[in-house]
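Listed below are the residues making up each chain.
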Amino acid sequence: MDYIFEGFINAIGMITSLDREILMITILSLKVSSIATLLATLIGVPAGFLIAVRDFHGKRWVVLVLNTLLSIPSVLVGLLVYSFLSRRGLLGNLGILYTPYAMIMGQMFLAFPIIAVLSLSATVGADKRVERTAMSLGANRIQTALLILVEVRFAMFAAIITGFSRIFSEVGVSMMLGGNIRDYTRNITTAIALESGKGEFALGIALGMIMLIIALLINILLNYFQGKGG
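Calculation rules
Residues numbered from 1 in each chain as written. Predicted model: local features only at pLDDT ≥ 70, side-chain atom pairs only at ≥ 80, totals over all residues. Heavy atoms only, no water. Axes fitted to C-alpha atoms, helices over the stretch in contact; angles between N-to-C directions. Helix = DSSP H or I, 4+ residues; strand = E, 2+ residues; numbered from the N terminus. Parallel < 35°, antiparallel > 145°, perpendicular 65-115°, else oblique. Left-handed = near helix turned anticlockwise from the far one by under 90°. Contact = heavy atoms within 4.5 Å. Nonpolar A, V, L, I, M, F, W, Y, C, P; charged D, E, K, R; others polar. Phe/Tyr/Trp six-rings, centres within 6.5 Å; stacked < 30°, edge-to-face > 60°. Buried < 20%, exposed > 50% of the residue type's maximum accessible area, 1.4 Å probe, protein only. Patch = residues over 30% accessible without salt bridge, like charges linked within 9 Å, V, L, I, M, F, W, Y side chains within 5 Å. Areas by Shrake-Rupley, 256 points an atom, 1.4 Å probe, with all protein chains shown as cover. Salt bridge = Lys/Arg side-chain N within 4 Å of Asp/Glu carboxyl O.

### A word on the packing of helix H3 (residues 59–69) against helix H5 (residues 100–124)
With their axes 8 Å apart at the nearest point, H3 and H5 run at an angle of 130° to one another. Relative to H5, the element H3 lies oblique. Where H3 crosses over H5, the handedness of that crossing is left-handed. In contact with Val63, Leu66, Asn67 and Leu69 of H3, H5 contributes Phe112, Pro113, Ala116, Val117 and Leu120. Its residues assigned to classes, the contact of H3 with H5 comprises eight nonpolar, one polar and no charged.

### Side note on the packing of aromatic side chains
In this structure the tally under the stated criterion is two aromatic pairs. An angle of 20° between the planes, with centres 5.5 Å apart, marks the rings of Phe164 and Phe168 as stacked. Highlighted residues: Phe164 and Phe168, both in helix H8 (residues 153–168), separated by four residues, approximately one helical turn. You'll find Phe164 and Phe168 in the same group, each marked buried.

### As for a nonpolar patch on the surface
The grouping of Ile35, Leu38, Leu39, Leu42 and Ile43 at the surface amounts to a nonpolar patch, some 440 Å² of accessible area in total. Overall, the relative accessible area of 33% leaves Ile35 in the partly exposed class.

### Overview of the pattern of salt bridges
Tallied over the full model, the rule gives three salt bridges. A salt bridge links Asp183 to Arg20; the nearest nitrogen and oxygen atoms lie 3.9 Å apart. One end of the pair, Asp183, is in the loop between helix H9 (172–178) and helix H10 (188–198); the other, Arg20, is in helix H2 (residues 20–53), with 163 residues separating them in the sequence. Under the relative-accessibility criterion, Arg20 is labelled exposed at 54%. Between Lys59 and Asp55 there is a salt bridge, and its shortest N-O distance comes to 3.6 Å.

Take a look at the structure:
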């Protein structure tokens, strides 16, 4: 067990000294996951909201598909996106496989159903009196929709944070689409997997500690918005 204790001590030293490799890996992880979450939010929130407020043929099937996508493994998402971005794929001419752009694309598809489903649930659970009051006061459909969005804003923020939390800790998409290239596509999860396999426990433990700190901050934000929404 001495090697674990020694690795823990060395990990603390690497964090406190702001080790360059740790900083680059952490910054890349935050950057890729933040951009992917933003893109998923721009699609997922409107999609979830519209599905909730509109009645259309096949709505139940759409909701069923979204709920099914919640449990899709990250490696399967990575495989599907890889098939499109590989040289023989439909988007192979873009040449973005094994780049941060490919990682962003994969993580976006992973976060989208989470944000869409939670946005849908938040909208369905909104106080019906808001819509009735707005309509009675002569508000049009757009104004009514905006009022509902304001009503469920904290639940929407919680949905976005949940989506970010999901993709920040995934490893399958990042490994398959990023290639774990040092100083380019290596993020926290892929670096931990690699360094642990090499026996470099100090770097792995340091990155694990950083991930736990970020996870704690994410959960604090999530609890805050869930409390506001309640």
